[in-house]
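Close look at the chain arrangement
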There are 4 protein chains.
Amino acid sequence: MLSGDPARPAAPLRVTVWNENLHETADDTVARRYPDGIHGAVAAALRDHLGQRVRLRTATLREPDHGLGGEVIDTTDVLVWWGHLAHDEVTDEVVERVRRRVLAGMGLVVLHSGHYSRIFRALMGTTCSLRWRNAAERELVWTVAPGHPIAQGVPDPLVIPAQETYSEPFDVPAPEELVFISSFAGGEVFRSGCAYRRGAGRIFYFGPGDQDYPVYHHPDVRRVVANAVLWAAPGPQGAREPVSGEVPAGWFERGQGD
Amino acid sequence: MLSGDPARPAAPLRVTVWNENLHETADDTVARRYPDGIHGAVAAALRDHLGQRVRLRTATLREPDHGLGGEVIDTTDVLVWWGHLAHDEVTDEVVERVRRRVLAGMGLVVLHSGHYSRIFRALMGTTCSLRWRNAAERELVWTVAPGHPIAQGVPDPLVIPAQETYSEPFDVPAPEELVFISSFAGGEVFRSGCAYRRGAGRIFYFGPGDQDYPVYHHPDVRRVVANAVLWAAPGPQGAREPVSGEVPAGWFERGQGD
Amino acid sequence: MLSGDPARPAAPLRVTVWNENLHETADDTVARRYPDGIHGAVAAALRDHLGQRVRLRTATLREPDHGLGGEVIDTTDVLVWWGHLAHDEVTDEVVERVRRRVLAGMGLVVLHSGHYSRIFRALMGTTCSLRWRNAAERELVWTVAPGHPIAQGVPDPLVIPAQETYSEPFDVPAPEELVFISSFAGGEVFRSGCAYRRGAGRIFYFGPGDQDYPVYHHPDVRRVVANAVLWAAPGPQGAREPVSGEVPAGWFERGQGD
Amino acid sequence: MLSGDPARPAAPLRVTVWNENLHETADDTVARRYPDGIHGAVAAALRDHLGQRVRLRTATLREPDHGLGGEVIDTTDVLVWWGHLAHDEVTDEVVERVRRRVLAGMGLVVLHSGHYSRIFRALMGTTCSLRWRNAAERELVWTVAPGHPIAQGVPDPLVIPAQETYSEPFDVPAPEELVFISSFAGGEVFRSGCAYRRGAGRIFYFGPGDQDYPVYHHPDVRRVVANAVLWAAPGPQGAREPVSGEVPAGWFERGQGD
């Protein structure tokens, strides 16, 4: 749909929330914190904020094709990604399928430890490394792009009482829009809201969200994730492969551009 | 409204189309080309494309306060600007009022010779100069940001049979999103679709549109202007002044960020 | 000179350090902290780091033409700017002369409270407002652009034991290169190293440096300012006005581009 | 070295020019055009422009390890890359070694059909596809970043009488600095001078340079390549791996950042 189109009734966004789902199945504390998995908590946040505007699916690592086989990717408008322990188990085929689909216009929202996922690293081209410390420090998420759609309705700062500390240097390309910068109680800073365009697709990385803290139950964090999904949505033309190849002189005069 | 929000019924965007309106009143050929003025042609394009989604007003230079006094600016979500002959007649007061409102979140779409308007130069900080030639050359407007909302539904290239030639160097800050690059029959190139964020506001400059050619009757040009108005629209929080001033330590703990 | 040109003997950079010089003359504590003025301390830092590579001048507000009259601007390659109490005393004429010269290629390094100077605001187009608190908090200056020339030889983080706190939102255009982000003991963050290009000129804003703290005696801060001066230096062609105006078709075939 | 450091005697830049070298060995016409190979022509351009400032090596695909084994990458400051027919023959190991070295600070200058090289695609994360036509059309290379070091001394426009046509859409991330835009006789445009930073390294893509035209004998093209090599050079600290890993609270107080 056109950005901000208030009138035209639009088909719901098809959102797939992907989660590794290993901490939840191996660690009772995490399982109690996220009884429906991190994917379940994120999906609930999207349902609460976006309601009829989205059609939600979830998928996890240990499903066949990681739950991303067959038609799933081809019928997803925005993919949300959470992973941590088993990035390397994600197959080449799925990584490449997702990457192609992002370049063709699918939105991708990468959460927290997903910075080290294969798909994020493939799209960024860098190591995506950072410094970290798991010490239950307070994280303050400051908005540095007022007016950005992803910051709409988000307090400035957003206060997370306890979180894993992520710190610069964050080895990513300079974000095309830097939306949030976090500080942590220990003094570290981190570019925690980074927006990119790649091909026809949009990518948003959001820092908060460790499995050891109830971050995805935090109302402001849930709002950010919902905003990010809307921001990352493709336009009404939907996804399509990049145009390339040989062209004759004056090709655009004879017919029509695409 | 949230970008791409398909469900929530939203108030219409309040769009004001501003035009100098001097060519149309002084030159019969231009008057025949644009019987309702360039502002009338642009407003018609917005009406055709956006319908109930916008509430349209027009304003012109020779009206009191250039038609931008009293409540007009404060009740405008997106301002479209066309000027050429009399940039210097626009008063300091109106320039500053518009500038403040853009920084607070109002969208601004600047067309063609508006590159030299006082308001655009004030917001850019540069001379906004360029090279030019009025020789009815073909302009090809190429999309270099596929997937950008302003390029949705726009042929690539967009072909304008005859236009004034604008050429680099275009003395503007590097656009945060370069959406279109034009080439002209004489070989010149021009960054003809330049997107900026300033404060909480969005600014889009679009090159095509001289008074000597029927460019605002071109269906694809009309589509671009309509897309640009939607893209430039502020979020649901509406416009507001930048936050600044002295703050005590820990202010965000005692109450709430904004 | 060409960036990184190690062999060609080059003329020294002509650097002018401008300072308001009001705190130093009105407040004994500041005068003892900066017996040669803030301009003297900054000039000493440049002399220590750059030696024969620079030819230094200083200028202050209360000199005729603020010390920037006659040939001074026209023979300056990089201008360093510190002001705080009396931004509005700087004349329109000097602001416009400096702005034109920056667009023509002169480097500009703006320090600390210079964010509110008329020249910085004119070049940015925004209010340049921020939040602040003068509470002797520790500032940590983190490098987020490793490999950037301005970060060369600078510890990460650079630790300033006590400084005025500057906080987001900092109402500037998104920096083209964000080099440093600061955190303060109170939890605030600030984009404290912001690089811009405007016309043919380069602009660097650096946050640290209040008159109430000995920041310009800090060895790492002095290094940053010296690096910034080198980074902002124009190329070997020197400064020149933007090219603009009417051109005939094929003008570039008949002679030569510039 | 520090950017523009005119005084400190610096070690020469260690530049390696890599070329596939297949057209030259298989096609007599190309061999006559480039009797020392494209790598030889490029190296000669660097020697002519940079003299003692560089220490030059060349390497080609069919050498062991493509000429990039052992110490070569680790002792290269800037790598220049030309390839076309056999991108897929470059081994995973060499691609990864080059990528790591770029992120650690080595400069990379990618020429013409190198847009499809494995190393460029790995660093960009996109398909790097484009449209093309080999029709000996005139290419005009326009400078859109006046004052950029890579444009120093380069005519605007730079006129190449006959070249392969490259056209948008060019599926790369938006360049952090767009230095050149080309137009072609057929009306196509192409972002032909694209600058990126990845990790601590700098990457420049330059469009001109097909094997079927004597482009690397063109004096202005040779100047651009020499400028690009200087621009891409790492700082005086040299290359180093990204910093990452777990850190204790307050680690920067106990010792020193790096």
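Going by an unreviewed UniProt entry, chain A carries the name Trehalose utilization protein and comes from Marinactinospora thermotolerans DSM 45154.

Next up on the list: the overall build of chain A. Each helix and strand in chain A was counted, giving 7 helices and 10 strands. Its C-alpha atoms give chain A a radius of gyration of 18 Å, near enough to 18 Å, the size a compact globule of 258 residues would have. Here chain A holds 258 residues, and the buried ones make up 67% of them. Across chain A, every contact between residues at least 6 apart in sequence was considered, and the portion connecting residues at least 24 apart equals 71%. Separation between the mean location of the 26 positive side-chain charges and that of the 33 negative ones in chain A comes to 4 Å.

A word on the environment of B:L50. Residue and element names in this part refer to chain B. Its location among the elements puts L50 in helix α3 (residues 37-50). On the accessibility criterion, L50 (3% relative accessible area) is buried. The residues contacting L50, other than those within four sequence positions of it, are A226, V229 and L230.

The subject of this paragraph is the packing of aromatic side chains. Counting across every chain of the model gives 52 aromatic pairs over all chains. An angle of 80° between the planes, with centres 6.3 Å apart, marks the rings of C:F190 and C:Y205 as edge-to-face. Of the two residues, C:F190 sits in strand β8 (residues 189-198) while C:Y205 sits in strand β9 (residues 201-206), which places them 15 residues apart along the sequence. Judged by its relative accessible area of 1%, C:F190 falls in the buried class. Under the relative-accessibility criterion, C:Y205 is labelled buried at 0%. Clustering of aromatic rings is evident, with ring pairs tying together A:F120, A:Y166, A:F170, A:F190 and A:Y205.

Quick look at the packing of helix α3 (residues 37-50) of chain C against helix α6 (residues 219-232) of chain C now. Residue and element names in this part refer to chain C. The interhelical angle for the contact between α3 and α6, taken along N-to-C directions, is 75°, at an axis separation of 9 Å. Between α3 and α6, the angle is such that the two are roughly perpendicular. Facing α3, whose interface residues are A41, V42, A44, A45, L46, D48, H49 and L50, α6 presents P219, R222, R223, V225, A226, V229 and L230. Considering only residue class, the contact of α3 with α6 consists of 11 nonpolar, 1 polar and 3 charged.

Under the UniProt annotation, the feature "domain: ThuA-like" (unreviewed entry) is placed at residues 15-232 of chain A. Along residues 15-232 of chain A, the helical share is 26% and the strand share 32%, with 11 Å between the first and last C-alpha atoms.

Relative to chain C, chain A is turned by 180° and slid 0.0 Å along the rotation axis, the superposed coordinates differing by an RMSD of 0.0 Å. Within this description, the copies of the chain are treated as partners about a two-fold rotation axis. Measuring from the rotation axis to each C-alpha of chain A, the shortest distance belongs to A:S183, at 3.3 Å.

All names here are of chain B. The end-to-end C-alpha distance of helix α6 (residues 219-232) is 20 Å, a good match for the 20 Å that 14 residues give at a rise of 1.5 Å each. Within α6, 11 of the 14 residues are buried, which leaves it mostly tucked inside the rest of the structure. Every buried residue of α6 is listed here: V221, R222, V224, V225, A226, N227, A228, V229, L230, W231 and A232.

The next subject is the side chain of A:S183. Along the chain, A:S183 turns up in strand β7 (residues 177-184). A distance of 2.7 Å separates a polar side-chain atom of A:S183 from the backbone oxygen of C:G187. Discounting chain neighbours no more than four positions away, the residues touching A:S183 are A:R138, A:E139, A:L140, A:W142, A:E188, A:V189, C:S183, C:G187 and C:V189.

Taken together, the contact pairs 19 residues of chain A with 19 residues of chain C. In this assembly, chain A packs against chain C so that about 1,300 Å² is buried in total across both faces, 66% of it on carbon and sulfur atoms. When residues of chain A are sorted by the area they lose upon contact with chain C, A:W142, A:V144 and A:V189 head the list and together hold 33% of the total. At the boundary of chain A and chain C, one finds 0 salt bridges. At the boundary of chain A and chain C, one finds 4 residue pairs in polar contact (both at pLDDT 80 or more). Of all the secondary-structure elements, those providing two or more residues to the side of chain A that touches chain C are β5 (131-143), β7 and β8 (189-198) of chain A. Of all the elements, β5(A) adds the most residues to the side of chain A that touches chain C, at 5 residues. Grouping the amino acids of the side of chain A that touches chain C by side-chain chemistry returns 7 nonpolar, 6 polar and 6 charged.

This paragraph deals with the pairing of strand β5 (residues 131-143) of chain C. Regular strands show a simple pattern: their side chains alternate between the two faces of the sheet. Sheet topology places strand β10 (residues 245-246) of chain B next to β5(C); 2 bridges connect them, and they run parallel. Within the sheet, the bridge partner assigned to B:E246 lies in β5(C) and is C:W132. Where β5(C) meets strand β7 (residues 177-184) of chain C, 5 bridges bridge the pair, whose relative direction is antiparallel. Bridge pairing in β7(C) places C:L140 opposite C:S183.

So, about unusual backbone geometry. Glycine aside, negative phi is the norm for most residues, and most peptide bonds take the trans geometry. Residue and element names in this part refer to chain A. Following D156, the chain continues to P157 via a peptide bond in cis, the omega torsion being 5°. Mapped onto the elements, P157 comes out in the loop between β5 and β6 (158-167). We note that H112 has phi near 45°; this positive angle belongs to a residue other than glycine. Inspection of the secondary structure puts H112 in the loop between β4 (107-111) and α5 (118-124).

For the rest of this paragraph, the subject is the pairing of strand β4 (residues 107-111) of chain C. All names here are of chain C. Of all 5 residues that make up β4, 5 are buried, and the element is covered over most of its length. What you see with β4 is no split at all: G107, V109 and L111 on one side and L108 and V110 on the other are buried throughout. Bridge count between β4 and β9: 4 bridges; the pairing is parallel. Along β9, the bridge assignment pairs V109 with F204.

A separate point is the pattern of salt bridges. What the rule picks out here adds up to 60 salt bridges over all chains. As a salt-bridge pair, A:E89 and A:R62 come within 3.0 Å of each other at their nearest N and O atoms. Here A:E89, found in the loop between β3 (78-82) and α4 (92-103), pairs with A:R62, found in the loop between β2 (54-60) and β3; they are 27 residues apart in sequence, far enough to count as distant. With relative accessibility at 40%, the residue A:E89 sits in the partly exposed group. Given a relative accessible area of 57%, A:R62 falls into the exposed group. We note a salt bridge from B:R191 to B:E168, for which the minimum N-O separation is 2.8 Å. Taken as a pair, B:R191 in strand β8 (residues 189-198) and B:E168 in the loop between β6 (158-167) and β7 (177-184) lie far apart in primary sequence, 23 residues in all. In this structure B:E168 comes out as buried when scored by relative accessible area, which is 0%. Taken together, the salt bridges that share partners define one network made up of A:E176, A:E177, A:R197, A:R198, B:E176, B:E177, B:R197 and B:R198.

What follows is about the state of the cysteines. Residue and element names in this part refer to chain A. Applying the stated criterion across every chain, the model contains 0 disulfides over all chains. The closest cysteine sulfur to the non-disulfide-bonded C128 is located on C194, 10 Å from its own sulfur. Classification of C128 as buried rests on a relative accessible area of 0%. Looking at C194, the relative accessible area reads 0%, which means it is buried.

What follows is about the confidence of the model for chain A. Put simply, chain A has an average pLDDT of 93, and 93% of its residues get 70 or more. When the criterion is pLDDT under 50, residues 1-8 of chain A qualifies, and its contacts beyond four places in sequence or with other chains add up to 35 contacts.

All names here are of chain D. Residue position: V80 is located in strand β3 (residues 78-82). Put simply, V80 and V229 are 149 residues apart on the chain and 7.9 Å apart in space, counted from C-alpha to C-alpha. Apart from residues lying up to four places away in sequence, V80 is in contact with V15, T16, V17, W18, V42, V109, L111 and V229.

Rules used in this analysis
Residues numbered from 1 in each chain as written. Chains lettered and ligands numbered in written order. Predicted model: local features only at pLDDT ≥ 70, side-chain atom pairs only at ≥ 80, totals over all residues. Heavy atoms only, no water. Helix = DSSP H or I, 4+ residues; strand = E, 2+ residues; numbered from the N terminus. Rg over C-alpha atoms; globule rule 2.2 N^0.38 Å. Buried < 20%, exposed > 50% of the residue type's maximum accessible area, 1.4 Å probe, protein only. Contact = heavy atoms within 4.5 Å. Lys, Arg positive; Asp, Glu negative; His and termini not counted. Charge placed at Lys NZ, Arg CZ, Asp CG, Glu CD. Phe/Tyr/Trp six-rings, centres within 6.5 Å; stacked < 30°, edge-to-face > 60°. Axes fitted to C-alpha atoms, helices over the stretch in contact; angles between N-to-C directions. Parallel < 35°, antiparallel > 145°, perpendicular 65-115°, else oblique. Nonpolar A, V, L, I, M, F, W, Y, C, P; charged D, E, K, R; others polar. UniProt positions renumbered as here; feature names shortened; annotations may be inferred. Least-squares fit on C-alpha atoms with pLDDT ≥ 70 in both. Expected span 1.5 Å × (residues − 1). Polar contact = N/O pair within 3.5 Å; in protein donor to acceptor, adjacent residues only side chain to side chain. Buried area = accessible area lost by both parts, 1.4 Å probe. Salt bridge = Lys/Arg side-chain N within 4 Å of Asp/Glu carboxyl O. Pairing = 2+ DSSP bridges. Disulfide = S-S within 2.5 Å. pLDDT = per-residue confidence, 0-100.

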